[in-house]
Amino acid sequence: MPRTAAAVIDTAAGWLRGTPWGRTAGRVFQGLFEIELVDRSLALSAQIFTSVLPVIMAATALSGWHSASGAIRFQFGFDLGALPVGDAAQVSDSSLAAFGVVGLLMVVFSGTSFARALGRVYGAVWQVNSIGPRDAWRWFAALFAVALAVALVGQTQNLAHVSYVGWPLVLAGELVIWTLVWAFTPFLLTKGALTGRVAWATGLLTATGLTAVHLAGRVVLPRITANAMRHFGPLGLAFTSVSWLFVMSVVIVGAASIIKAFAQDETVIGRFLHGSN
């Protein structure tokens with residue numbers, strides 16, 4: 001390695017070790033590496049696709065409340081109603097309702113795999129034991145909280161019709177909903193191991209990241225989705241969805257790890273989070 005490059009690296013390492021903010025930055029990168037950000041985000045995105053989305057769609061079909069499908073369109077830029085379903089759609093209402101009750105129960109029970117995966121993420125970040133079957137109600141509560149939040153986020157698009165301030169209201173509503181659910185969920189799945197300040201900070205950072213991802217998605221997703229559908233049909237749509245869910249999962253996992261790093265340091269933010277201020 002050239003001497004100048006080695007000197008730059010030594011200087012940067014010295015800064016990281018020598019200042020509070022430098023040590024915090026180093027702790028952030030170390031935490032993201034130790035949490036296995038990519039692997040855990042891949043696993044979580046797969047669980048969202050196979051667990052959370054089926055719960056939302058099953059509840060929509062059973063209740064007739066279509067804001068959930070609107071939320072999927074709002075977040076991902078595609079319309080589930082545009083997918084071809086063939087003759088399978090020609091089912092009597094009574095048969096659909098009977099299947100819907102049983103199907104919803106099965107989907108909900110299998111859907112807890114998402115909450116268990118999320119619980120393992122928070123357990124690894126905060127180094128607490130994952131909850132077991134005795135606390136299974138926490139899995140169901142976390143699953144329903146996230147599914148309900150997705151539906152409510154879809155409802156915020158109705159605010160876009162308000163003159164002049166419509167879209168700021170939409171973004172503010174989305175930010176508030178995500179903050180609430182992502183402050184509640186880690187607190188729930190760690191059995192209250194997080195302090196209130198840490199839980200709210202996790203919720204706010206996660207919400208900010210998810211809202212930013214949504215804004216970026218409104219620009220790039222329609223084109224990407226249309227191109228994937230044109231070349232690969234529904235398979236391309238599924239791949240695009242899982243890819244975007246991976247990006248969202250990176251935000252969820254990364255936000256928890258970043259807040260953990262700040263909560264352990266001696267900066268102003270760290271003192272606030274662990275209650276020294």
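These numbers come from a predicted model, not from an experiment. (Residues numbered from 1 in each chain as written. Predicted model: local features only at pLDDT ≥ 70, side-chain atom pairs only at ≥ 80, totals over all residues. Heavy atoms only, no water.)

On to the layout of surface pockets. In this structure, the second largest pocket spans a volume of roughly 250 Å³. What lines the second largest pocket is a set of 13 residues, among which G31, E34, V125, Q127 and K260 lie closest to the centre. When residues of the lining of the second largest pocket are traced back to their parent elements, those giving at least two are α2 (20-34), α5 (93-126) and α9 (234-263). Here the lining of the second largest pocket gets 4 residues from one element, more than from any other, and that element is α2. In terms of residue class, the lining of the second largest pocket is made up of 4 nonpolar, 5 polar and 4 charged. (1 Å grid on protein atoms, 1.4 Å probe; cavity = no way out; pocket = protein on both sides within 12 Å on 5 of 7 lines; lining within 4 Å. Points joined across faces, edges and corners; volume = space filled by probe spheres on them. Helix = DSSP H or I, 4+ residues; strand = E, 2+ residues; numbered from the N terminus. Nonpolar A, V, L, I, M, F, W, Y, C, P; charged D, E, K, R; others polar.)

We now examine the nonpolar core. If you look at the biggest cluster of nonpolar residues, it comprises 52 residues, and the most contacted ones within it are L44, F114, L118, W178 and W182. A per-element tally of this core places α9 first, with 11 residues. Residues contacting W178, with those up to four places away along its chain left out, are A149, V150, V153, G203, A207, L210 and T211. (Core = buried A, V, L, I, M, F, W, Y, C linked by side-chain atoms within 4.5 Å. Buried < 20%, exposed > 50% of the residue type's maximum accessible area, 1.4 Å probe, protein only. Contact = heavy atoms within 4.5 Å.)

Take the packing of helix α7 (residues 166-189) against helix α8 (residues 196-232) next. Helix-helix packing: each pair is described by the crossing angle between the helix axes and the interaxial distance. Running from N to C, α7 and α8 point in directions that differ by 135 degrees, and their axes come no closer than 7 Å. Taken as axis vectors, α7 and α8 run oblique relative to one another. Both α7 and α8 take part in a crossing whose hand is right-handed. Residues belonging to the contact of α7 with α8 are distributed by class as follows: 15 nonpolar, 7 polar and 2 charged. (Axes fitted to C-alpha atoms, helices over the stretch in contact; angles between N-to-C directions. Parallel < 35°, antiparallel > 145°, perpendicular 65-115°, else oblique. Left-handed = near helix turned anticlockwise from the far one by under 90°.)

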